[in-house]
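# Fold and contact review
Chain residues, written in single-letter form:
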Amino acid sequence: QVQLVESGGGLVQAGGSLRLSCAASGRTFSSYAMGWFRQAPGKEREFVAGISWSGGRTYYADSVKGRFTISRDNAKNTVYLQMNSLKPEDTAVYYCAVGRSPYSGVYYYTGQYDYWGQGTQVTVSP
């Protein structure tokens with residue numbers, strides 16, 4: 001049974017920073033790509049950032065490029081999302097997810113991930 005548990009969300013003022021964590025269990029974490037998505041009220045879930053199984057490749061949505069950084073610690077089975085220069089439009093529930101196939105590159109689409117965490121709320125005030 002694969003489990004993903006996100007943490008680190010909260011309320012922050014615009015311009016501030018947060019660091020999200022996602023702890024994984026039940027799968028050989030180090031063999032799979034990981035991703036972060038977000039969903040704002042009334043909107044579809046959207047890709048934020050992805051990282052390959054080795055951590056050697058990353059990819060970001062244009063809206064967060066230069067402000068967010070995804071990383072992973074395979075020894076701790078954890079993936080992180082460092083979020084800097086936060087904007088009110090970053091307000092959403094943030095989800096981490098595990099890629100479907102081992103030893104892959106970066107995945108960009110929700111259908112390429114097969115396990116999801118419960119989400120953590122990020123709220124950025126003006």
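Check the entry above for the structure.
So, a few notes on the structure that sits alongside this text. Since we're looking at a predicted model, the values are computed, not measured.

Basis of the calculations
- Residues numbered from 1 in each chain as written.
- Predicted model: local features only at pLDDT ≥ 70, side-chain atom pairs only at ≥ 80, totals over all residues.
- Heavy atoms only, no water.
- Phe/Tyr/Trp six-rings, centres within 6.5 Å; stacked < 30°, edge-to-face > 60°.
- Helix = DSSP H or I, 4+ residues; strand = E, 2+ residues; numbered from the N terminus.
- Buried < 20%, exposed > 50% of the residue type's maximum accessible area, 1.4 Å probe, protein only.
- Lys NZ or Arg CZ within 6 Å of the ring centre and 35° of its normal.
- 1 Å grid on protein atoms, 1.4 Å probe; cavity = no way out; pocket = protein on both sides within 12 Å on 5 of 7 lines; lining within 4 Å.
- Points joined across faces, edges and corners; volume = space filled by probe spheres on them.
- Nonpolar A, V, L, I, M, F, W, Y, C, P; charged D, E, K, R; others polar.

## Describing the packing of aromatic side chains
Taken as a whole and judged by the stated rule, the model has 10 aromatic pairs. Centroid distance Phe47 to Tyr59: 6.2 Å. Interplanar angle 35 degrees. Geometry classified as tilted. Of this pair, Phe47 sits in strand S5 (residues 46-51) while Tyr59 is found in strand S6 (residues 58-60), placing the two residues 12 residues apart along the sequence. Residue Tyr59 is classed as partly exposed on the basis of its relative accessible area of 38%. Ring plane angle 80 degrees and centroid distance 5.9 Å describe the contact between Phe47 and Tyr108, whose orientation is recorded as edge-to-face. Here Tyr108 lies in the loop between strand S9 (92-102) and strand S10 (113-116) and Phe47 lies in strand S5, a separation of 61 residues in the sequence. On the basis of relative accessibility, which here comes to 13%, the residue Phe47 falls in the buried class. A connected cluster of aromatic rings, assembled from ring pairs, spans Phe37, Phe47, Tyr59, Tyr107, Tyr108, Tyr109, Tyr113 and Trp116. Over the aromatic face of Tyr59 sits the side chain of Lys65, whose NZ or CZ is 5.7 Å from the ring centroid. It is Arg72 that lies over the ring of Phe29; its NZ or CZ is 4.5 Å from the centre.

## As for empty space enclosed by the protein
The full count for this structure, using the stated rule, is 1 cavity of 30 Å³ or more. If you trace the largest cavity, you find it lined by Val2, Ala24, Ser25, Gly26, Arg27, Phe29, Tyr32, Met34 and Val98. Within the residue set of the lining of the largest cavity, elements represented by two or more residues are strand S3 (18-25) and strand S4 (32-39). Taken together, the residues that form the lining of the largest cavity break down as 6 nonpolar, 2 polar and 1 charged.

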